[in-house]
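Here is how the chains run, residue by residue.
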Amino acid sequence: MKPELYIKLTGKDDEFELSSKIPQLSFLGCTDTPIQTNSYGDFNGVDGSLFYYSNTSRNTIIAKFLLKFKDYYQYKALRQEIYRLFMQKHLYRIRTDAEKTLVNYVIPTSFEIEPFEAFANFSQITIVFDNPSGYKFSRYRSDEQTDIWDEYPLGWHIPIFNEESFKFKEDGFQVFNPSDVSIDPYLKKHDLKIKMKFEGTNVYLENTTNGSNWGFNGQLTKDDIVILDGINTYLNGNPASGQTNFGNLVLDQGWNEISVSGATEIEIIFSFPFIYID
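Residues numbered from 1 in each chain as written. Predicted model: local features only at pLDDT ≥ 70, side-chain atom pairs only at ≥ 80, totals over all residues. Heavy atoms only, no water.

Applying the stated rule across the entire model yields 21 aromatic pairs. For the ring pair Phe168 and Phe173, a centre distance of 4.1 Å and an interplane angle of 10 degrees mean the geometry is stacked. The same class applies to Phe168 and to Phe173, which are both buried. Here Phe168 and Phe270 contribute two aromatic rings whose centre-to-centre distance is 6.0 Å and whose plane-to-plane angle is 80 degrees, an arrangement assigned as edge-to-face. In this pair, Phe168 sits in strand E11 (residues 167-168) while Phe270 sits in strand E18 (residues 254-271), placing the two residues 102 residues apart along the sequence. Taking relative accessible area as the criterion, Phe168 reaches 9% and is therefore assigned buried. Of the residues examined, Phe270 reaches a relative accessible area of 0% and is grouped as buried. Pairwise contacts between aromatic rings join Phe27, Phe65, Tyr83, Phe86, Tyr92, Phe111 and Phe129 into one cluster. The ring centre of Phe16 lies 5.1 Å from the NZ or CZ of Lys21, which sits over that ring. For the cation-ring pair, Arg95 lies above Tyr6, with the distance from its terminal atom to the ring centre recorded as 4.4 Å. (Phe/Tyr/Trp six-rings, centres within 6.5 Å; stacked < 30°, edge-to-face > 60°. Buried < 20%, exposed > 50% of the residue type's maximum accessible area, 1.4 Å probe, protein only. Helix = DSSP H or I, 4+ residues; strand = E, 2+ residues; numbered from the N terminus. Lys NZ or Arg CZ within 6 Å of the ring centre and 35° of its normal.)

This is how it looks when you write it as structure tokens:
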């Protein structure tokens, strides 16, 4: 069974498997290594260093391919087709059939396409993709999952969820974050959207697991749609951060206890991609 590489060029394009576009180009597999950058302070006359913090840094994904061609003329045509595909100046979304539920957002770097030797009918190609975020992400957002849990590798120990598991109508509930990291829209610029409908005034959400919170001051009805998009609040599509306490919610790894006060007729959806280090 040959490995498969799936590519999505932009957000509006359909995903495709590489061989469906260029049948002569076979994907052989890819490797990547997470990069952690540590920051230290050094002081005159003091032995050692003082540790400050760690960051997950940009890493690279190394993908290998085999190109087969009949003659020099087909080689030149395929060479142009491959460069046209992989040298676009924007982020690509890629995933493999070995990790069907995980995607990377990458941009290719320069690479060579040369015959293996003089008069050979094949070429071995290595493309190094920059992965600016340093992370892998779930293919679907939390509120878009449908039976995806059955596709996760054995040993991940993820509870059985679907998209309804991230929709709530109570004033106290639990949200599960299966990521390898906390979801932090402020410090880490992570993608977290909380879509809400309420009846009430002075609505207040708190993640009692870590103390992060968000409050809204003003009369809301069930016809209003409030979205906390990262650190920005929108009311019926219009900016409304000025009516808030300028807070935001952070989701720790695992279970998070959420409380809601000042509201009735609650409908809340937590929408975020899961983030993985490897």
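A few words now on the layout of surface pockets. Estimates place the volume of the largest pocket at around 450 Å³. Lining of the largest pocket is provided by 21 residues; of these, Tyr135, Phe137, Lys188, His190 and Ile275 occupy positions nearest its centre. Put simply, the parts of the chain that give the lining of the largest pocket at least two residues each are strand E5 (50-57), strand E10 (136-141) and strand E19 (273-276). Top element by residues in the lining of the largest pocket is E10. It accounts for 5 residues. When its residues are assigned to classes, the lining of the largest pocket shows 7 nonpolar, 8 polar and 6 charged. Within this model, the second largest pocket holds a volume of roughly 200 Å³. Along its surface, the second largest pocket is lined by 16 residues, and Cys30, Asp32, Thr96, Glu99 and Lys136 are the ones closest to its centre. For the lining of the second largest pocket, the secondary-structure elements that each account for two or more residues are strand E3 (25-32), strand E7 (92-96) and strand E8 (102-108). No other element matches the 4 residues that E3 contributes to the lining of the second largest pocket. Looking at the lining of the second largest pocket residue by residue, the class counts come to 8 nonpolar, 3 polar and 5 charged. (1 Å grid on protein atoms, 1.4 Å probe; cavity = no way out; pocket = protein on both sides within 12 Å on 5 of 7 lines; lining within 4 Å. Points joined across faces, edges and corners; volume = space filled by probe spheres on them. Nonpolar A, V, L, I, M, F, W, Y, C, P; charged D, E, K, R; others polar.)

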